[in-house]
Amino acid sequence: MRSTYKAVEVSAPGVLRVVERPIPEPGAGQVRLRVEACGVCHSDATVTGNYKGLTLPRVPGHEVVGRIEALGSGVSRWKLGQRVGVGLIAGEDGVCEPCRRGDMVNCENPVMPGMTTDGGYAEVMIAEARGLASIPDELSPAEAAPLLCAGITTYNALRNAGLRGGDLVAVQGIGGLGHLGIQFARHMGFHTVAIGRGGDKEKLAKDLGAHVYIDTVLDDAAAVLLRMGGARAILATAPSGDSMGSLVSGLAVRGKLIVVGVPQDQIHLNAFPLVFGGRSVYGSLTGTAIDQEDTLAFSVLEEIRPTIETAPLEQAADAYARMMQGKARFRMVLVTEGVKS
């Protein structure tokens, strides 16, 4: 067995390089994974050096699928050879106020692969056993990886929104998040509306499950939604604050604008539709390991899959650039040598 493994680390902001590292042993409560696939995500803030408290070098990646090849002391639930996944929140401190109130996703000191610890742009990774999710056999490593972040983000946002079957739900954006949000909304039984820019996206939106497509080049999305009776929820996935804010007036009474895509520009809101009609705007982050298992199980049950492009680990820099330039269709996934995507 090799004593080293290949990893792609950030040595300085914007600089990704392939290195060889000695294979580490897992500590108490940890496992060592032989990584099979790792998604490339906009939230890989390590690459740009934008994560507070980040120390370099650091291996990015928080959409990780692999097999357990070593167990640390005290790990009893998981077995050698078992296929598992790791997402954005991969452990909590258990003592901060959010954790004590059962809100582990908002832990003040979370374990975040690729940011607080080394992540999955590598052949090997150390993970906290408490942050692992079991991967169903029906999903390939490359299919499962994006579901651990983009998947759970859209799935949890919709299932926790207090909606009922038949409700009108709109998804703004048909990208890495939105193409999954449309599928989840349709299969949860909602009257699903996709909002995009350009007529070329209509066929894709409807192939993904949208009942209606609104082209913002031709129509005011909020006005169209109001003519349909107003949306009970709008899942905002495209990172444009200007586009998000204008959608509030398309909500039904007590409707919700749920922000999951993080724009760089500000979201400007008109207070009138918020106050008169009790409409609301809030954000939704991700979920716990058991939420990830729920997401994966629902995806298998309803045959929901991410649209992905794969690249070998050594091409991580190119894959990241392709994702950031909006050229990926729709999620980039790194796969290690010998793994079938």
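Above: the structure in question.
Given the structure is predicted, the values throughout are model-derived calculations rather than measurements. (Residues numbered from 1 in each chain as written. Predicted model: local features only at pLDDT ≥ 70, side-chain atom pairs only at ≥ 80, totals over all residues. Heavy atoms only, no water.)

Undergrad: How should I be thinking about the packing of aromatic side chains in this particular structure?
TA: The way to describe two aromatic rings as a pair is by their centre distance and the angle between their planes. For the structure shown, the criterion picks out four aromatic pairs. Plain terms: the ring middles of tyrosine 155 and phenylalanine 298 are 5.3 Å apart, the flat faces sit at 40° to each other, and that makes the pair tilted. One end of the pair, tyrosine 155, is in helix α2 (residues 141–159); the other, phenylalanine 298, is in helix α8 (residues 289–301), and 143 residues separate them in sequence. Given the relative accessible area of 15%, phenylalanine 298 is considered buried. Taken together, the ring pairs in this structure connect Tyr155, Phe184 and Phe298 into an aromatic cluster. If you follow arginine 77 out to its NZ or CZ, it ends over the ring of tryptophan 78, 4.3 Å from the centre. (Phe/Tyr/Trp six-rings, centres within 6.5 Å; stacked < 30°, edge-to-face > 60°. Helix = DSSP H or I, 4+ residues; strand = E, 2+ residues; numbered from the N terminus. Buried < 20%, exposed > 50% of the residue type's maximum accessible area, 1.4 Å probe, protein only. Lys NZ or Arg CZ within 6 Å of the ring centre and 35° of its normal.)

Undergrad: Just checking my understanding: could you explain the side chain of serine 299 for this structure?
TA: Its place among the elements puts serine 299 in helix α8. The contacts of serine 299, once residues within four sequence positions are left out, are Leu147, Phe184, Ile304 and Arg305. (Contact = heavy atoms within 4.5 Å.)

Undergrad: Is there a simple way to explain the sheet that holds strand β12 (residues 251–259) in this structure?
TA: Sheet strands pair via backbone hydrogen bonds, and the direction of the pair is either parallel or antiparallel. Here we have six strands laid out as an open sheet, ordered β10-β9-β8-β11-β12-β13, and parallel in their pairing. Each of the sheet's edge strands pairs with one partner strand only, and the pair in question is β10 (212–215) and β13 (280–283). On average, adjacent strands in this sheet sit at an angle of 20° to one another, irrespective of strand direction. Pairing geometry for β12 and β13, over four bridges, is parallel. Within β13, the residue paired with lysine 256 across the bridge is serine 280. (Pairing = 2+ DSSP bridges. Axes fitted to C-alpha atoms, helices over the stretch in contact; angles between N-to-C directions.)

Undergrad: Would you mind going over the side chain of threonine 286 with me for this structure?
TA: Tracing the sequence through the fold places threonine 286 in the loop between β13 and α8. Classification of threonine 286 by relative accessible area gives buried; the value is 7%. Setting aside anything within four residues of it in sequence, one finds threonine 286 in contact with Leu88, Ile89, Val105, Ile152, Thr153 and Asn156.

Undergrad: Would you take a moment to explain the environment of leucine 71 for this structure?
TA: Note that leucine 71 resides in strand β4 (residues 64–71). Exposure remark for leucine 71: the relative accessible area of 34% places this residue in the partly exposed category. In the structure, leucine 71 is positioned 31 residues away from valine 40 in sequence and 26 Å away in space, judged by C-alpha atoms. The contacts of leucine 71, once residues within four sequence positions are left out, are Pro26, Gln30, Val31, Trp78 and Leu80.

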